[in-house]
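# Understanding the architecture of this molecule
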Amino acid sequence: MKIDVLSLFPDMFTNVFGSSILKHAEESGAVSFRVVDFREYADNKHRKVDDYPYGGGAGMVLRAQPFFDAVDDLVKDQKKPRVVLLCPQGERYTQKKAEEFSKEEHLILLCGHYEGYDERVREHLVTDEVSIGDYVLTGGELGAMVIADSVTRLLPGVLGNEESAITDSFSTGILEHPHYTRPAEFRGMKVPDILLSGHHKNIDEWRHRESLKRTWERRPDLLEGKALSEKEQLWIEEFTRKE
Ligand code: ADE
């Protein structure tokens, strides 16, 4: 998969794309990252990418031209990529969207700073507008990193243990169960006995119940409309009684 980023601050990506799993993913050929300073595409002497808003008002607006020319250059005659605009007005980013993006061959992530983008970018260039949460950042770069990271870890072969992408929080629709490692007792705090029992069926059941409990406590919204087994419904009745 190819992930291209258009940003005015390409240096921000150096450490994120050059470390840990994203670095290995690129070395293994699962993904290739390219970060382009779209100022290079500005068709004026001073490489100006923004201008005053028509109709007046405070702030500046990012011009359409550098985005259109940069995307034309990145796409050339390849298949149509997903062109994703990062902005607080976009659709809220979720694991479902990460899974959808991970099936694409080519993603282009557009990061703005300043007041906003010329509307023609939204209307005629982008395929998706995405927000990473209900807060306003200084620019789209952190959002682009979030998308690149969450998509890359879903690509085949990127996580050593394939299972870990499937069982982690959100992919299963509920939160992950608690984890423990050695020692069995630390400063008087003990690991639950069941995990030391070696009884795999009971351990699986305990984990399943703890996942559900954690979701019920912290993110009940994730359980709304979810089909629950009889056993899960009984567990929820137990949690409610103990509350
Ligand atoms: N740019 C500024 N705020 C943003 C947000 N919440 N998500 C994505 N891009 C942004």
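Residues numbered from 1 in each chain as written. Predicted model: local features only at pLDDT ≥ 70, side-chain atom pairs only at ≥ 80, totals over all residues. Heavy atoms only, no water.

### Re the sheet that holds strand 8 (residues 128–131)
Applicable threshold: Any two strands with at least two DSSP bridges between them are considered paired. Put simply, DSSP H or I for four residues or longer makes a helix, DSSP E for two residues or longer makes a strand, and each gets a number counted from the N terminus. Axis definition: a line fit to C-alpha positions, over the contact stretch in the case of helices; interaxial angles, taken between N-to-C directions, run 0 to 180 degrees. Working rule for contacts: check all heavy atoms of both residues, and any pair within 4.5 Å makes them a contact.
In space, the five strands of this open sheet follow the order 2-1-6-5-8, with parallel pairing throughout. If you trace the sheet from one side to the other, it starts and ends with strand 2 (32–37) and strand 8, each paired once. When strand polarity is set aside, the average angle formed by the axes of neighbouring strands in this sheet is 30°. Sitting on the sheet, helix 4 (residues 95–102) touches strand 5 (82–92), strand 6 (106–111) and strand 8, and the angle it makes with strand 5 is about 170°. The sheet contacts of helix 6 (residues 141–152) involve strand 1 (2–7), strand 2, strand 5, strand 6 and strand 8, and relative to strand 6 the element is tilted by about 160°.

### Considering the nonpolar core
Nonpolar side chains in soluble globular proteins tend to end up buried together. Inclusion rule: Each nonpolar core is a collection of buried residues, namely Ala, Val, Leu, Ile, Met, Phe, Trp, Tyr and Cys, held together in the definition by side-chain atoms within 4.5 Å. Exposed residues in this analysis have more than 50% of their type's maximum accessible area, buried residues have under 20%, and partly exposed residues fall in between, with area computed by a 1.4 Å probe over protein chains only.
If you look at the biggest cluster of nonpolar residues, it comprises 26 residues, and the most contacted ones within it are Ile3, Phe101, Leu107, Leu109, Ile147 and Val151. Looking at this core, the elements that each hand over two or more residues are strand 1, helix 2 (20–27), strand 5, helix 4, strand 6 and helix 6. Element by element, the count of residues in this core is highest for helix 6, at five residues. Leu109 has contacts with Ile3, Asp4, Val5, Leu6, Val84, Leu86, Ala144, Ile147 and Ala148, leaving out every residue within four places of it along the chain.

### Concerning the environment of Leu223
Its location among the elements puts Leu223 in the loop between helix 8 (200–218) and helix 9 (230–242). Leu223 gets classed as buried once you look at its relative accessible area, which sits at 11%. Placed 123 residues apart in sequence, Leu223 and Glu100 show a C-alpha to C-alpha distance of 22 Å. Not counting residues up to four positions away in its chain, the partners in contact with Leu223 are Ile174, Leu212, Thr215, Trp216 and Ile236.

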